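# Commentary on secondary and tertiary structure
Take a look at the letters that make up each chain.
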Amino acid sequence: AKVLVSGANGFLAVYIIKDLLERGYTIRGTVRSESKNAYLLNLFKKEAQDGKFELVVVPDITAPGAFDEAVKGVDAIEHTASPYHYKADDPSEIIDPAVKGTIGILESVLKHAGPQLKRVVVTSSISAIMSPESNGVLTEKNWNDSSITQVRELGRAADQGAKYRASKSLAEKVAWEFVEKNKSKIAWDLTTLCPPFVYGPILHDVRSPEELNSSMALFYEAIFTKRKTLGELAQIQSGWVDARDVSLGHVRALEVPAAGGERFILSGGEAIWQDWFDVLNELDIPDFNVPVGTPGAGKAFKYKQTFDNSKAKEVLGIKFHEKPETALDIVNDLRAKGW
Ligand code: NDP
């Protein structure tokens, strides 16, 4: 089967492509510019030579019909392309590519994909479920409306986290609305995946820490640079998940019939940075030091919100990584780069 993966050069997408190729799928990836091709064609050299991996350039995902050619003849789609950064001035800088990119690929699907298409998977985010204001145990039934409201009310003055969260919540909403509106015309179904912060070793093209994707940049800053103080870090709670589990989620989302029409939280658990310090100190990696802080403080930490991952475990069959394995693999990978 042939799978279209948008944003093929991204942190998560490279994992997804690798996993799908290993399972025998044929991949067509989209990138924004030809300059991204060489790294990927080299990484998946054998598959490229065998005609199992190709790349197409979609220069502007917000342009009408941008994906018209790319969707032709594919059996499934993994739509990962979406901005993930905290640098938007006008919120539209981040919301437009997220929302128009999602509607655009679905419009192209409707017109040009063909009857062989079975499923479209959209990489959403826990940001479409939670906001800093939400409380308690959150499930797939929860929607983040408050970041959307905040951005509508405050515009440029909304905080960067709210702008990103609103982009993801709006993009996932338009995907479900599109399916609902066109249900009489379509023979495929939609699955959305909602991970919190994704951490893992780096497979994509990153030459310096400054080029890291946003979630790995946070991990790098907290664990490697010690630029943030323990006090600052202790306040930061978040869900986290290993990149390899998110990638497996994207594979299972294609393969498990019952995943159709569903959204899934893909969360390995919650953490404060103290937990990562404890894990790394216990691993006692030679010549690698992290702050000691207050060991064990994470055990008593009261989370404002937690994420129920039981649906992904049950329906997608994912057994999530635990912190020590993820932490060790990341530290080994980043140190091997000399960072
Ligand atoms: P990356 O930044 O590594 O990848 C993002 C991908 O989207 C890149 O291919 C990038 O292309 C593309 N992209 C970004 N902005 C645009 C745009 N304006 N037009 C076209 N393409 C664009 O991040 P991740 O791999 O982490 O993100 C992949 C997906 O996962 C995103 O949808 C993100 O929201 C989601 N996600 C990520 C989480 C995380 O913690 N990493 C958590 C939850 C969800 P280019 O390189 O050319 O910019």
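Right above here is the structure, for reference.
Structural notes, computed from the coordinates. (Residues numbered from 1 in each chain as written. Predicted model: local features only at pLDDT ≥ 70, side-chain atom pairs only at ≥ 80, totals over all residues. Heavy atoms only, no water.)

### Quick look at the pairing of strand E11 (residues 269-272)
The alternating pattern of E11 places Gly269 and Ala271 and Glu270 and Ile272 on opposite faces, both of which are buried. Taken together, the four bridges between strand E9 (residues 237-242) and E11 define a ladder with antiparallel strand orientation. What sits directly across from Gln237, in E11, is Ile272. (Buried < 20%, exposed > 50% of the residue type's maximum accessible area, 1.4 Å probe, protein only. Helix = DSSP H or I, 4+ residues; strand = E, 2+ residues; numbered from the N terminus. Pairing = 2+ DSSP bridges.)

### As for the nonpolar core
Ranked by size, the top nonpolar core spans 63 residues in total, and within it Leu20, Ile27, Met216, Ile223, Trp273 and Trp276 carry the most contacts. Counting residues per element, this core draws most heavily on helix H1 (residues 11-22), at nine residues. Excluding residues that lie within four positions of it along the chain, Ile223 makes contacts with Trp273, Trp276, Phe277, Leu280, Phe288 and Val290. The next biggest cluster of nonpolar side chains, apart from the first, holds 22 residues, and it includes Val58, Val109, Ala113 and Val122. (Core = buried A, V, L, I, M, F, W, Y, C linked by side-chain atoms within 4.5 Å. Contact = heavy atoms within 4.5 Å.)

### Concerning the pairing of strand E4 (residues 76-79)
Taking every second residue as pointing to the same face, both faces of E4 are buried, with Ala76 and Glu78 on one and Ile77 and His79 on the other. Bridge analysis of strand E1 (residues 2-6) against E4 gives four bridges, and the strand direction is parallel. Pairing of Val3 across the sheet is with Ala76, part of E4. The pairing of E4 with strand E5 (residues 119-123) spans four bridges and is parallel. Across the sheet, the residue bridging to Ile77 is Val120, located in E5. In this fold, the crossover linking E4 to E5 by way of helix H4 (residues 92-113) has right-handed handedness. (Right-handed = clockwise from strand over helix to strand, strands pointing away.)

### Things to note about the sheet that holds strand E8 (residues 197-199)
Strand order across the open sheet formed by three strands is E8-E9-E11, with mixed pairing between neighbours. Of all the strands in the sheet, just E8 and E11 have a single pairing partner and so form its edges. In this sheet, neighbouring strand axes are inclined to one another by 50 degrees on average, regardless of whether the strands run parallel or antiparallel. The strands touched by helix H12 (residues 323-336) within the sheet are E8, E9 and E11, with E9 carrying the most contacts at an inclination of about 75 degrees. (Axes fitted to C-alpha atoms, helices over the stretch in contact; angles between N-to-C directions.)

### Observations concerning the packing of H4 against helix H6 (residues 160-181)
Axis angle and axis distance: for two packed helices, these are the angle between their axes and the distance between the axes, and together they describe the pair. As a packed pair, H4 and H6 sit with axes 7 Å apart at the nearest point and diverge in direction by 20 degrees. Looking at the two axes, H4 sits roughly parallel to H6. The way H4 lies across H6 gives a crossing that is right-handed. From H4, Ile94, Ile95, Ala98, Val99, Thr102, Ile103, Leu106, Glu107 and Leu110 reach across to H6, where they touch Lys163, Tyr164, Ala166, Ser167, Leu170, Ala171, Val174, Ala175 and Phe178. (Parallel < 35°, antiparallel > 145°, perpendicular 65-115°, else oblique. Left-handed = near helix turned anticlockwise from the far one by under 90°.)

### Examining unusual backbone geometry
Positioned with a positive phi, Asp284 is a non-glycine residue whose angle comes to about 55 degrees. With respect to the secondary-structure elements, Asp284 resides in the loop between helix H10 (273-283) and strand E12 (305-307). According to the relative accessible area criterion, Asp284 is exposed, its value standing at 60%.

### What about the layout of surface pockets?
Volume-wise, the second largest pocket comes out at about 160 Å³. Along the walls of the second largest pocket sit Pro209, Glu210, Leu212, Ala217, Tyr220, Glu221, Thr225 and Arg227, which together make up its complete lining. A breakdown of the residues in the lining of the second largest pocket according to their chemical character gives four nonpolar, one polar and three charged. (1 Å grid on protein atoms, 1.4 Å probe; cavity = no way out; pocket = protein on both sides within 12 Å on 5 of 7 lines; lining within 4 Å. Points joined across faces, edges and corners; volume = space filled by probe spheres on them. Nonpolar A, V, L, I, M, F, W, Y, C, P; charged D, E, K, R; others polar.)

### Quick notes on the side chain of Lys163
If you trace the backbone, Lys163 turns up in helix H6. For the buried Lys163, which has no salt bridge, the nearest side chain bearing the opposite charge is Asp89, at an N-O separation of 5.0 Å. Among the polar contacts listed, one links the side chain of Lys163 to the backbone oxygen of Arg156, at a separation of 2.9 Å. (Lys, Arg positive; Asp, Glu negative; His and termini not counted. Salt bridge = Lys/Arg side-chain N within 4 Å of Asp/Glu carboxyl O. Polar contact = N/O pair within 3.5 Å; in protein donor to acceptor, adjacent residues only side chain to side chain.)

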